[in-house]
Amino acid sequence: MSTILAIETSGKYCSVALIHEGLAEFSREDEVEMNHARAIGPFVDECVKEARQREWKIDAVAVSMGPGSYTGLRIGLSMAKGLCFSLNVPLIGVSTLKLIAVKAMFRNIDWQGDEILVPMIDARRMEVYTAAYDFRLDALMPPQPLILSEESYSGLPEGRAVYFMGDGAAKSKEILRGERYNWLDGVNPKASDMTALAEKAFREGDFLDVAYSVPEYLKEYEAKKSSVKGLS
């Protein structure tokens, strides 16, 4: 089994975790907003020291690739790349939207398996970064920046419950109406939540180019105020 050092810097709070044999065995999480530049280095050092004390060889570095905070993503990816070069290990990129969706899956809810998971990352005003996934993490709505409207998710498959989560979900309660719509609070990304996605990528050899990989900002594209029906 593998040992993976995970870094999450897409949101307000940064975190680092040491994942060993499928479990987050050690982690550090900041309690100060947007303190990534100061906190990330000491957190990484603690994780590396912990791995050495337990005689674990770090096999890969995983990092949240976005979308999210521009500055946070740059800081996290830069740190991850530096570690990969110094440790001579591969780089794993984790979608922040998928990370939030997977965290929701592990909530103690009587899931039926046909629910639609909609992570939302706050952008500005009524804009979010969002996507929609089934329980296989197939995208029913591709990752995109979106200005929320009553029709934003009307094109999702009918007859299935939709769950919204993430720090952008709260403001959608004022706009979205529908009996099948539900909201989950407190589902925000942390490095320790990367376990399932990072382990899967490691097993499959799904690694990024350390030199040329860049964050998934999404804001390079124009935000849309439209339904899923018009999306490709």
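Below you will find a few notes about this structure.

### Notes on helix α2 (residues 70–87)
- In this model α2 runs 26 Å from its N-terminal to its C-terminal C-alpha over 18 residues, within 8% of the 26 Å that 1.5 Å per residue would give.
- Buried within α2 are the following residues: Gly72, Leu73, Gly76, Leu77, Ala80, Lys81, Leu83 and Cys84. Buried residues in α2, looked at end-on, bunch into an arc of 160°, giving them a common side. Away from the buried face of α2 by more than 90 degrees, exposed residues Phe85 and Ser86 are located.
- The inward-facing, buried residues of α2 abut β1 (3–8), α1 (36–53), β4 (60–66) and β5 (91–95).
- Just past α2, the residue Asn88 takes up positive phi, approximately 55°.

### Observations regarding helix α3 (residues 96–105)
- Among the 10 residues of α3, eight are classified as buried, and the element is accordingly described as predominantly covered.
- Those residues of α3 that sit buried are Thr96, Leu97, Leu99, Ile100, Ala101, Val102, Ala104 and Met105.

### Here we look at the sheet that holds β5
- Read from one edge of the open sheet, five strands run β3-β2-β1-β4-β5, paired in mixed fashion. At either margin of the open sheet sits one strand with a lone partner, and together these are β3 (23–29) and β5. Direction aside, the axes of adjacent strands within the sheet are offset by 25° on average.
- Note: β4 against β5, five bridges, orientation parallel. In the strand pairing of β5, Gly66 is matched with Ser95.
- In this fold α1 packs onto β1, β2 (15–20) and β3, with an angle of close to 15° to the strand it touches most, β2.
- The strands touched by helix α4 (residues 195–204) are β1, β2, β3, β4 and β5; relative to β5, the strand with the most contacts, the crossing angle is about 135°.

### Things to note about the nonpolar core
- If you look at the biggest cluster of nonpolar residues, it comprises 32 residues, and the most contacted ones within it are Ala62 and Met165.
- Per element, the largest residue contribution to this core is seven residues, and it comes from α3.
- Those residues in contact with Met165 that sit more than four places away from it in its chain are Ile100, Ala104, Leu117, Val118, Pro119, Met120, Leu184 and Val187.

### Let's talk about the sheet that holds strand β7 (residues 127–133)
- If you trace the five strands from one edge of the open sheet to the other, you get β8-β7-β6-β9-β10, paired in mixed fashion. The open sheet has two edge strands, β8 (139–147) and β10 (181–183), and neither has a second partner. Put simply, the sheet's adjacent strands are angled 20° from each other on average, direction ignored.
- As paired elements, strand β9 (residues 162–165) and β10 share three bridges and run parallel to each other. Within β10, the position partnered with Val162 by the bridge is Tyr181.

### Focus on unusual backbone geometry
- Of note, the amide linkage connecting Gly66 to Pro67 takes the cis form, showing an omega dihedral of 5°.
- Looking at where Pro67 falls in the secondary structure, it is placed in the loop between β4 and α2.
- At Arg125, a position not held by glycine, the phi torsion is positive, near 45°.
- Within the secondary structure layout, Arg125 lies in the loop between β6 (116–122) and β7.
- At Leu137, a position not held by glycine, the phi torsion is positive, near 65°.
- Looking at the secondary structure, you find Leu137 in the loop between β7 and β8.
- Look at Leu137 and you get buried, because its relative accessible area is 17%.

### Notes on the environment of Ile175
- Position of Ile175 relative to the elements: it lies in the loop between β9 and β10.
- Taking the C-alpha atoms as reference, Ile175 lies 45 Å from Val89; in sequence the two are 86 residues apart.
- Sequence-distant contacts of Ile175, that is, excluding residues within four places in its chain, are made with Met126, Leu148, Ser149 and Glu150.

### Looking at the side chain of Glu8
- Relative to the assigned elements, Glu8 resides in strand β1.
- Buried within the structure, Glu8 lacks any salt-bridge partner; Lys103 is the closest side chain of opposite charge, at an N-O distance of 9.2 Å.
- Within the structure, the side chain of Glu8 is placed 2.9 Å from the side chain of Ser64, a separation counted as a polar contact.
- Setting aside residues up to four positions removed in sequence, Glu8 forms contacts with Tyr13, Cys14, Ser15, Ser64, Thr96, Leu99, Pro189, Lys190, Ala191 and Met194.

Scoring rules and cut-offs
Residues numbered from 1 in each chain as written. Predicted model: local features only at pLDDT ≥ 70, side-chain atom pairs only at ≥ 80, totals over all residues. Heavy atoms only, no water. Helix = DSSP H or I, 4+ residues; strand = E, 2+ residues; numbered from the N terminus. Expected span 1.5 Å × (residues − 1). Buried < 20%, exposed > 50% of the residue type's maximum accessible area, 1.4 Å probe, protein only. Arc of directions from axis to C-beta. Contact = heavy atoms within 4.5 Å. Pairing = 2+ DSSP bridges. Axes fitted to C-alpha atoms, helices over the stretch in contact; angles between N-to-C directions. Core = buried A, V, L, I, M, F, W, Y, C linked by side-chain atoms within 4.5 Å. Lys, Arg positive; Asp, Glu negative; His and termini not counted. Salt bridge = Lys/Arg side-chain N within 4 Å of Asp/Glu carboxyl O. Polar contact = N/O pair within 3.5 Å; in protein donor to acceptor, adjacent residues only side chain to side chain.

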